[in-house]
Structures are given as C-alpha cells and as structure tokens.
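# Architecture and fold: a report
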Amino acid sequence: MPNAFAYLVLFSWPLVGFALFRTLPTHKAILWTILGGYLLLPERTGIDLPLLPAFEKTFIPSATALLLCLPKLGSLWELLPRERLPKALTLVFLLGPFATVFTNGDAQVFGPTVLPGLRPYDAFAFGLSHAVLLIPLLLAQRFLRTEAQLRDLLAAMAMAGLAYSALALFEVRMSPQLHTWIYGFFPHSFAQQMRFGGFRPVVFLNHSLKVGLFLSMAVLAAVAMARGHSGSRRLTWAAGAIWLTMTLTLAKVVSGWAYVALLAPILVLGGRRLQRMALLGLGVMILLYPALRGADLMPTDRIEAAAAVISEERAASLRFRLDNEDILLARANERPFFGWGGWGRNRIYDPKSGGDVSTTDGAWIIVAGQYGWVGYIAQYGLFTLPLFLLGLGRPAGFAALAMGLVLTANLLDLLPNSGLTPLTWLIAGGLAGHLATSPARQSRRHSVPRLQCRMTAR
C-alpha cells in the first residue's frame, strides 16, 4: 500500500507544474511537467472515482499541463489537428469506445466466471480515459512543434536520462528499493527484476523494462544532440551518450539494447535519405505487425533463435509471449471491428474452471482485443503517421528526423511489451505538429489565396 508521502507527492504535482509554467517557456513547462511526473511520481497510487479517470501519475501531470495552457487557447477545439487524416484518427480514437460498448452488451460466461455486458456508463468511462491519453499529444501538436522546440525535447530526454542513470545505477548495485523506501511499496514482482545474476533497476516506474526503454530513448536523444552540435558541446553530448549506454548495459534490459543497436548507427552514420527510408520501413512494419503475425509472415523462429543466443531463458520467455499473442489474436478476431471492451473480456478463460489462462504483454494485442481493428488503426495511425510523412519526404529538420527514430524505438517496444507511456503521445504529437506546420507547407497553404488576389485585381 502507498504511504502518506506517496499521496502527498502525487497530489502536490500541480504545484510543481504551476512553478514550471511560471518560470519556463510554455513548451518547456509542458514537457517537464509530463516527463517529470512520469519519471518521479509513484506507481499504482491514486484515487479512482466513478466514471472519472483515475487520479494517478498519468492523469495528474497531463491534466495540470492542460489546465495551465488554457489561458493561451481560445477554446479546446484549437487543440484538434487541422489536417483531415490526423483529425479523423483523433475523433475515431475518442468516439470508438462508444461503438465498442454498444456492440458488447452480452455477458460472457466461462464456467463459474461471468463477465457482464458493457453499459452506457462504460462508454463514457472508456472515452474519458482515451481523452486523458490524448492530452500530451494534443498539447505537443500545439506548443511543441518547431524545430527548436523538438531540439529542446531531445535535450530534455537526454538530460533526464543522465539524471535517472544515477538512480538506476544505485539500484543495479543495491537492488530495486527506491520505490519501496520512498513510497512504501514495490509496484511489481520483485523476481522479474533479477536477470543475469544481478538486479535490473525499477526506480519510480512499474517495471525494469520501462526503465530500459526510457534509457534507450535517452541514448538516442543524446546521440542526436551530439551529432547536431560541434566542438566541445558535441564531445559533452557524446560523453553523455556513452555514459547512458553503459548504464543501459548494466541495467540488463536486452530489448533496450536491441533498439539502440538498430537505430543508433542510422542516427550516427546515416544521411537524411537513409533515415527517411528506415522510418518509412519500420513504420509500415509496426502498423502492419498484427496482419503480418496473423498471416504468419513474421520470422518468429529466427527471432527466437537470436534470443536463444543470448539466453535460453530469454528464448523461452519470447516463445511464451508469441504463444499468448496467437490465442489472444484469435480472440480479437472474433469481434474484429470494435473489440471486446474492458474488464478482461478480451482475455482467454478456461471453459470449465473459469480461470484466466492468458498473459497480455504487447500493447498492440491489448488495443486490438479491447477496441478492435478500428481502435487499433486509430491509435497506431496517430503514432505511425509522422513516421510515414517523414519517410515520404515531408519537409523536416534534423531534430524531427532524430525524434522520429526515438519514437520508433518506443513503438518497437509496443510489439513485445506494454511500453505505452505519456512520452509516446508527447513525441508523436510534437512530430505531427511539426510536419503540419513546416515552412514549406505553410508557403503552399498561402500561395493559392495570393494567386486569387492577383486574378481579382486584374
């Protein structure tokens, strides 16, 4: 159970946000309010009121940033994307839960286990939860979209990673204890944080995999900052990237190392063309991953063999995840359009005992099972659309391309793990806003009205 200090820190975060907005430019205040909340606030702590989203570490920083941005907005409608496709994906993501609820009014019975049908109440609860998830994306589209602002986001992630590395290295040596010492409880299974004869850090996140993902993204951000500077500043950022890479190695999170090994060479050695090709190819693979898995086109045997080179235990873990993906994918395809909804209806139960016999690891199968392929396309469309636009040549600066590779690392993690965080939405929103307001596109938007004025004058 969380201690009193955990609740004090959680519900004091709006005061931290207020101080940040008073002392920093708006875009920096937004990113530090959301990034800091994600990294520092306690897990599994909050108040869950009826209908409303739970007041916890996802909601409070995002809601704080939104409320403090309201004076700079004429209305909330200004946060919606202006381009048609992003706006359509956003609206489908918000309204899709209503269709899910209205197509799941039937109860599901598995022996003694009865899962009741969904009610109109659930539609509003799910819709509000989706609205909370969207807040970082919508704020970033509006306030965190220029090349300079994206560069600030890269720098913030790298600096936060360097600060977090001290806590991570402490737990590598002393075991993951900080969340217990400070907030009074451990947020997950302690046994899962032991690997290769040592400990993996958890710090203030809910699992060591989340720490490894964040450190891998911080490595890529530091590498980008090093490439984007020259002289002594390049050496400083390069040293930071090396330190973060060392920390990631000691954290013993193999998946995080895999993302860095795949994407860092593209960021360091690749030109713009190679970076765009990588973003496009990986974006297509991520979006179509469920279809590729369903058609048995993913080289799962090769991936499992590669994992066995590292550890037979890792290979067995991967096989377990893939087997669960298969049965959960079959369950999702029973209601392919709008899914099964929440409350465990998307999971697999023993028909006699009623026990839950499934494990949901990848975020993609959770989304597909709960909200169907319509919900999946809406959510992952918002994530991968910036990668497609970058890959297809939409005008963008170096920081945008680098941030696209950082986002790609996060999206790759959504395939085997549930690595969806407020940072995922924040980065995707910043990129979407940047690509919608690049100078070249602005000039094209205004060229037609000027031509019409000339024709009228004649």
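Residues numbered from 1 in each chain as written. Predicted model: local features only at pLDDT ≥ 70, side-chain atom pairs only at ≥ 80, totals over all residues. Heavy atoms only, no water.

### Let's talk about the environment of Met 246
Among the secondary structure elements, Met 246 is positioned in helix H9 (residues 231-251). Its relative accessible area of 34% is what places Met 246 among the partly exposed residues. Along the chain, Met 246 and Leu 169 lie 77 residues apart, while their C-alpha atoms are 9.8 Å from each other. (Helix = DSSP H or I, 4+ residues; strand = E, 2+ residues; numbered from the N terminus. Buried < 20%, exposed > 50% of the residue type's maximum accessible area, 1.4 Å probe, protein only.)

### Observations concerning the pattern of salt bridges
Within the structure shown, the criterion is met by eleven salt bridges. In this structure, the salt-bridge partner of Arg 119 is Asp 122, at a minimum N-O distance of 3.8 Å. Given the relative accessible area of 48%, Arg 119 is considered partly exposed. Accessibility expressed as a relative area gives 2% for Asp 122, which makes it buried. Notably, a salt bridge pairs Asp 326 with Arg 293, separated by 2.8 Å at the nearest N-O pair. (Salt bridge = Lys/Arg side-chain N within 4 Å of Asp/Glu carboxyl O.)

### Some thoughts on the packing of H9 against helix H10 (residues 254-269)
Where H9 meets H10, the closest approach of the two axes is 8 Å, and the angle between their N-to-C directions is 145°. Classified by chirality, the crossing of H10 by H9 is left-handed. Touching Thr 245, Leu 248 and Thr 249 of H9 are Gly 256, Trp 257 and Val 260, all from H10. The class makeup of the residues in the contact of H9 with H10 is three nonpolar, three polar and no charged. (Axes fitted to C-alpha atoms, helices over the stretch in contact; angles between N-to-C directions. Left-handed = near helix turned anticlockwise from the far one by under 90°. Contact = heavy atoms within 4.5 Å. Nonpolar A, V, L, I, M, F, W, Y, C, P; charged D, E, K, R; others polar.)

### Details of the side chain of Thr 113
With respect to the helices and strands, the residue Thr 113 is situated in strand E2 (residues 113-115). Within the structure, the side chain of Thr 113 is placed 2.8 Å from the backbone oxygen of Gly 354, a separation counted as a polar contact. Each residue touching Thr 113, except ones within four places of it in the same chain, is listed here: Gln 108, Ser 353 and Gly 354. (Polar contact = N/O pair within 3.5 Å; in protein donor to acceptor, adjacent residues only side chain to side chain.)

### Here we look at helix H17 (residues 422-436)
With 15 residues, H17 ought to run about 21 Å at 1.5 Å a step, and its terminal C-alpha atoms sit 21 Å apart, in line with that. With respect to burial, H17 is a largely interior element, 14 of its 15 residues being buried. (Expected span 1.5 Å × (residues − 1).)

### Side note on the layout of surface pockets
There is about 630 Å³ of room inside the second largest pocket. Around the second largest pocket sit 21 residues that line it, and Leu 66, Leu 76, Leu 94, Ala 131 and Leu 138 are the ones nearest its centre. Those elements that provide at least two residues to the lining of the second largest pocket are helix H3 (59-69), helix H4 (84-102) and helix H5 (120-143). Per-element tally for the lining of the second largest pocket: the top contributor is H5, with seven residues. Counted by class, the lining of the second largest pocket contains 20 nonpolar, one polar and no charged residues. (1 Å grid on protein atoms, 1.4 Å probe; cavity = no way out; pocket = protein on both sides within 12 Å on 5 of 7 lines; lining within 4 Å. Points joined across faces, edges and corners; volume = space filled by probe spheres on them.)

### Quick word on the nonpolar core
One finds Leu 139, Leu 154, Tyr 380 and Ile 427 to be the most contacted residues of the largest nonpolar core, which totals 124 residues. Apart from the residues within four sequence positions on either side, Leu 154 is in contact with Ala 221, Ala 224, Met 225, Ala 399, Ala 402, Met 403 and Val 406. If you look at the next biggest cluster of nonpolar residues, it comprises five residues, including Val 101, Leu 118, Phe 126 and Tyr 371. (Core = buried A, V, L, I, M, F, W, Y, C linked by side-chain atoms within 4.5 Å.)

### Overview of the packing of helix H8 (residues 208-227) against H10
Contact pair H8 / H10: the axes reach a minimum separation of 9 Å and the direction vectors enclose 10°. The orientation of H8 relative to H10 falls into the category roughly parallel. The interaxial crossing formed by H8 with H10 has right-handed handedness. Listed contacts from H10 to Leu 209, Gly 212, Leu 213, Ser 216, Val 219, Leu 220, Val 223, Ala 224 and Arg 227 of H8 are Ser 255, Gly 256, Tyr 259, Val 260, Leu 263, Ala 264, Ile 266, Leu 267, Val 268 and Leu 269. (Parallel < 35°, antiparallel > 145°, perpendicular 65-115°, else oblique.)

### Re the environment of Arg 276
Its place among the elements puts Arg 276 in helix H11 (residues 272-287). For Arg 276, a relative accessible area of 14% puts it in the buried group. Sequence separation between Arg 276 and Arg 394 is 118 residues; the distance between their C-alpha atoms is 9.7 Å. Leave out the neighbours within four places in its chain, and Arg 276 touches Leu 389, Leu 390, Gly 391, Gly 393, Arg 394, Ala 396 and Leu 401.

### Considering a nonpolar patch on the surface
Taken together, the side chains of Phe 11, Ile 47, Leu 49, Leu 51, Leu 52, Tyr 121, Phe 124 and Leu 128 make up a nonpolar region of the molecular surface, amounting to roughly 660 Å² of accessible area. No other element matches H5, which puts three residues into the nonpolar patch. Within the element layout of this structure, Leu 52 appears in the loop between helix H2 (26-40) and H3. (Patch = residues over 30% accessible without salt bridge, like charges linked within 9 Å, V, L, I, M, F, W, Y side chains within 5 Å. Areas by Shrake-Rupley, 256 points an atom, 1.4 Å probe, with all protein chains shown as cover.)

### With respect to the confidence of the model for the protein
Summary statistics for the protein give a mean pLDDT of 91 and a share of 95% for residues scoring 70 or more. With pLDDT under 50 throughout, residues 442-458 is counted as low confidence; its partners more than four residues away or in other chains account for five contacts. (pLDDT = per-residue confidence, 0-100.)

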